[in-house]
Amino acid sequence: QVQLVESGGGLVQPGGSLRLSCVASGSLFGFGMYDMAWYRQAPGKQRELVAAITRSRSTNYSASVKGRFTISRDNAENTVDLQMNSLKPEDTAVYYCNARYIISYWGQGTQVTVSS
């Protein structure tokens, strides 16, 4: 079993920045073997992919965040971060960390609210 714990969410004004972090623990085969991603779910909407980074460190982003968000990983620390800049009210959502290697694991989520 793999546990994922997200942190770094909060309330921020439009145009501001936040950095989310996800730390993995448990029965890891080796954190570097996992493809990692951040998803988000806004009220009344489906969960959507925000950004992903593969085990080979290839990245991809949703069109809505490209150029504003940056995903990174530290395999020595078992962490994956999401740097979010130029935040907009429509970025308001619960953000979830995902790890996938044969099986997909999810964190509990962290709330991000962008509001003035």
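What you see is a predicted model, and the numbers here were worked out from it, not measured in a lab.

Quick notes on the pairing of strand S4 (residues 35-41)
So, step 1. Most of S4 is tucked away, with 5 of its 7 residues classed as buried.
So, step 2. Bridging between S4 and strand S9 (residues 93-101) involves 7 bridges; their strand directions are antiparallel. Directly across from Arg-40, in S9, lies its bridge partner Tyr-95.
So, step 3. Pairing of S4 with strand S5 (residues 48-53), which is carried by 5 bridges, proceeds in the antiparallel orientation. Across the sheet, the residue bridging to Ala-37 is Ala-52, located in S5.
So, step 4. Once S4 ends, the chain turns through 6 residues before running back antiparallel as S5, passing Gly-44 with a positive phi of about 75°.

Considering the nonpolar core
So, step 1. In terms of nonpolar packing, the biggest core is built from 28 residues, with Leu-4, Met-36, Trp-38, Leu-82, Met-84 and Tyr-95 touching the most fellow members.
So, step 2. Counting only elements with at least two residues in this core, the list comes to strand S1 (2-7), strand S3 (18-26), S4, S5, strand S7 (69-74), strand S8 (79-84), S9 and strand S11 (110-114).
So, step 3. Beyond its immediate sequence surroundings of up to four residues, Tyr-95 is in contact with Glu-6, Leu-20, Trp-38, Tyr-39, Arg-40, Val-50, Phe-69, Leu-82, Met-84, Gly-109, Thr-110 and Val-112.

Details of the pattern of salt bridges
So, step 1. For the structure shown, the criterion picks out 6 salt bridges.
So, step 2. Glu-48 is the partner of Arg-40 in a salt bridge, and the nearest nitrogen-oxygen pair spans 2.7 Å.
So, step 3. Classification of Arg-40 as buried rests on a relative accessible area of 6%.
So, step 4. Glu-48 gets classed as partly exposed once you look at its relative accessible area, which sits at 35%.

Considering unusual backbone geometry
For residues besides glycine, phi is generally negative; the peptide bonds are generally trans as well.
So, step 1. Backbone geometry at Arg-57 places phi at a positive 70°, although glycine is not the residue there.
So, step 2. Residue Arg-57 is classed as partly exposed on the basis of its relative accessible area, which comes to 45%.
So, step 3. At Ile-102, a residue that is not glycine, the phi angle is positive and equals roughly 70°.
So, step 4. Mapping Ile-102 onto the fold places it in the loop between S9 and strand S10 (103-106).
So, step 5. Take Ile-102: its relative accessible area is 75%, and that puts it in the exposed class.

Structural notes on the packing of aromatic side chains
So, step 1. Counted by the stated rule, this structure contains 2 aromatic pairs.
So, step 2. Summarising the aromatic geometry, the rings of Tyr-39 and Trp-106 are spaced 4.9 Å apart at their centres and angled 65° between planes, so their arrangement reads as edge-to-face. Here the residue Tyr-39 occupies a position in strand S4, and Trp-106 occupies one in strand S10, the gap between them amounting to 67 residues.
So, step 3. In this structure Trp-106 comes out as partly exposed when scored by relative accessible area, which is 36%.

Structural notes on the environment of Thr-70
So, step 1. Within the secondary structure, Thr-70 sits in strand S7.
So, step 2. Given a relative accessible area of 43%, Thr-70 falls into the partly exposed group.
So, step 3. Residues contacting Thr-70, with those up to four places away along its chain left out, are Tyr-61, Asp-81, Leu-82 and Gln-83.

Quick word on the state of the cysteines
So, step 1. Under the counting rule described, the total for this entry stands at 1 disulfide.
So, step 2. Between Cys-22 and Cys-97 runs a disulfide, and the two sulfur atoms are separated by 2.1 Å. Its torsion about the S-S bond being -80°, the disulfide of Cys-22 and Cys-97 is classed as left-handed. In this pair, Cys-22 is assigned in strand S3 and Cys-97 in strand S9, connecting sequence segments 75 residues apart.
So, step 3. Judged by relative accessible area, which is 1%, Cys-22 ranks as buried.

Rules behind the numbers
Residues numbered from 1 in each chain as written. Predicted model: local features only at pLDDT ≥ 70, side-chain atom pairs only at ≥ 80, totals over all residues. Heavy atoms only, no water. Buried < 20%, exposed > 50% of the residue type's maximum accessible area, 1.4 Å probe, protein only. Helix = DSSP H or I, 4+ residues; strand = E, 2+ residues; numbered from the N terminus. Pairing = 2+ DSSP bridges. Core = buried A, V, L, I, M, F, W, Y, C linked by side-chain atoms within 4.5 Å. Contact = heavy atoms within 4.5 Å. Salt bridge = Lys/Arg side-chain N within 4 Å of Asp/Glu carboxyl O. Phe/Tyr/Trp six-rings, centres within 6.5 Å; stacked < 30°, edge-to-face > 60°. Disulfide = S-S within 2.5 Å.

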